[in-house]
Amino acid sequence: MNAKNKEGSHKNIWYGIGRQRIEIPKTVLKQKVQPNALLNQLYVCSLGYYPNARGHYTYRKKGLPENFLFYCVDGAGWYQIGDKKSEVGPNQFFILPQNVEHAYASTEDNPWSIYWIHFGGESLPQFNELHAVQKHFKPFYIKSSGEIVTMFSRMYKALELGYSTDNLIFANMCLPHFLSLFIYNSKHTTVSPNDKLDVVDSAILYMQEHINENISLQDLSSHYNYSASRFSSLFKQKTGYAPIDYFIQMKMQKASQQLDFSTNSVKDIALSMGFDDPYYFSKRFRKIIGLSPKQYRSQKKD
């Protein structure tokens, strides 16, 4: 059957009016991308845009060897990982992890329009272990961002011009930023007073606003109506640090800025960061920064 006469999905590929699709040949990936240390950690395998994708349906029992990111800009659809099925609507995206059985489809009465990208690489297992990634294995709403479409177009147009080393490097250098627009969407958008942050992001902003004060774990957990253990667990899951350890790191970062840009004494800087004992402050500073405050200031002057 001629591809031009096909409609809907055939062999897990959708055919329809307005379809944009680029699949980098496996030979190119094997010869130019995978041996290249600059590219082989995270790279584009294929990408496309399906407008009004009526009849779009795919099922893969063994999944894919790479990840798959979907961004729905209009219409609706669904996807299923194992026995968990989720509905997807406009301004939502989700990530399908590698090597996992899955199915997805647009709805018949309101077919979706989607941007999508397959991406692989040696660091993909570590990428999929990130909490920021795992929470997006289910549908997630993001603020409409013109930058997402712009970045997609840049990668697509570069690869459309062929698989030269320059084009491959450009597209694959764009990829991490493109992914960050999704998994760290809130960091790319201006936070308004009405936006609801998750408890960890809110707590970090609270720490920043009270950087000159002493805050206990009990203070933080009570402020957000959590038990100390539950708050600590959520905080460490997202940041990799216990809450107070994170707060101390923020204090030392601020202190290092004062050492860089002011002539304030170490004692005065310690007091401004809520440390009554400058010797204890210096001890914590050395543990986190790797140098004493005096050594840090001297090194910067040199």
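Residues numbered from 1 in each chain as written. Predicted model: local features only at pLDDT ≥ 70, side-chain atom pairs only at ≥ 80, totals over all residues. Heavy atoms only, no water.

- Per an unreviewed UniProt entry, the protein chain carries the name AraC family transcriptional regulator and comes from Niastella vici.

**Quick look at the overall build of the protein chain**
1) Next: Counting its regular elements, the protein chain contains 12 helices and 12 strands.
2) Next: The globule rule puts the C-alpha radius of gyration for 302 residues at 19 Å, and the 24 Å found for the protein chain is more than 25% above it.
3) Next: Counting only C-alpha atoms, the protein chain reaches 80 × 45 × 30 Å along its principal axes.
4) Next: Taken across its 302 residues, the protein chain has 45% of its residues classed as buried.
5) Next: When contacts within the protein chain are restricted to residue pairs at least 6 apart in sequence, long-range pairs at least 24 apart make up 71% of them.
6) Next: Within the structure as shown, the protein chain displays about 16800 Å² of accessible surface, and the carbon and sulfur contribution to it stands at 50%.
7) Next: Counting 35 positive and 26 negative side-chain charges, the protein chain places the averaged centre of each group 4 Å from the other. (Helix = DSSP H or I, 4+ residues; strand = E, 2+ residues; numbered from the N terminus. Rg over C-alpha atoms; globule rule 2.2 N^0.38 Å. Buried < 20%, exposed > 50% of the residue type's maximum accessible area, 1.4 Å probe, protein only. Contact = heavy atoms within 4.5 Å. Areas by Shrake-Rupley, 256 points an atom, 1.4 Å probe, with all protein chains shown as cover. Lys, Arg positive; Asp, Glu negative; His and termini not counted. Charge placed at Lys NZ, Arg CZ, Asp CG, Glu CD.)

**Considering the UniProt feature "domain: HTH araC/xylS-type" (unreviewed entry) in the protein chain**
1) Next: Mapped onto this numbering, the UniProt entry annotates "domain: HTH araC/xylS-type" (unreviewed entry) at residues 201–299.
2) Next: From the first C-alpha to the last, residues 201–299 spans 33 Å; its make-up is 74% helix and 0% strand. (UniProt positions renumbered as here; feature names shortened; annotations may be inferred.)

**Comments concerning helix α1 (residues 26–33)**
1) Next: Val 28, Leu 29 and Val 33 are the residues of α1 that are buried. End-on view of α1: buried residues confined to an arc of 100°, all on one side of the axis. In α1, the exposed positions angled more than 90 degrees off the buried face are occupied by Lys 26, Lys 30 and Gln 31.
2) Next: Packed against the buried residues of α1 are β4 (43–50) and α5 (165–183). (Arc of directions from axis to C-beta.)

**Some details on the domain arrangement of the protein chain**
1) Next: When the domains of the protein chain are assigned, the result is domain 1 (9–187) and domain 2 (199–298).
2) Next: Between domain 1 and domain 2, the C-alpha centre-to-centre distance is 38 Å. (Domains from an automatic or database assignment.)

**Regarding the packing of helix α6 (residues 199–209) against helix α8 (residues 228–239)**
1) Next: Close contact between α6 and α8 brings their axes to 9 Å; oriented N to C, the two are set at 90°. In terms of axis orientation, α6 runs roughly perpendicular to α8. When α6 is examined against α8, the residues Val 199, Val 200, Asp 201, Ala 203, Ile 204 and Met 207 are found in contact with a partner set consisting of Phe 231, Leu 234, Phe 235, Lys 238 and Thr 239.
2) Next: In terms of residue class, the contact of α6 with α8 is made up of eight nonpolar, one polar and two charged. (Axes fitted to C-alpha atoms, helices over the stretch in contact; angles between N-to-C directions. Parallel < 35°, antiparallel > 145°, perpendicular 65-115°, else oblique. Nonpolar A, V, L, I, M, F, W, Y, C, P; charged D, E, K, R; others polar.)

**As for the pairing of strand β7 (residues 77–81)**
1) Next: Counting buried positions along β7 gives four out of five residues, so the element sits mostly inside the fold.
2) Next: One ladder, built from five bridges, connects β7 with strand β8 (residues 84–88); its direction is antiparallel. Bridge assignment links Gln 80 to a residue of β8, and that residue is Lys 85.
3) Next: The turn joining β7 and β8, which pair antiparallel and follow one another in sequence, is formed by two residues; a positive phi near 65° is taken by Gly 82.
4) Next: Bridge count for β7 against strand β10 (residues 102–106) is five bridges, and the pairing is antiparallel. Paired with Trp 78 across the strands is Ala 105, a residue of β10. (Pairing = 2+ DSSP bridges.)

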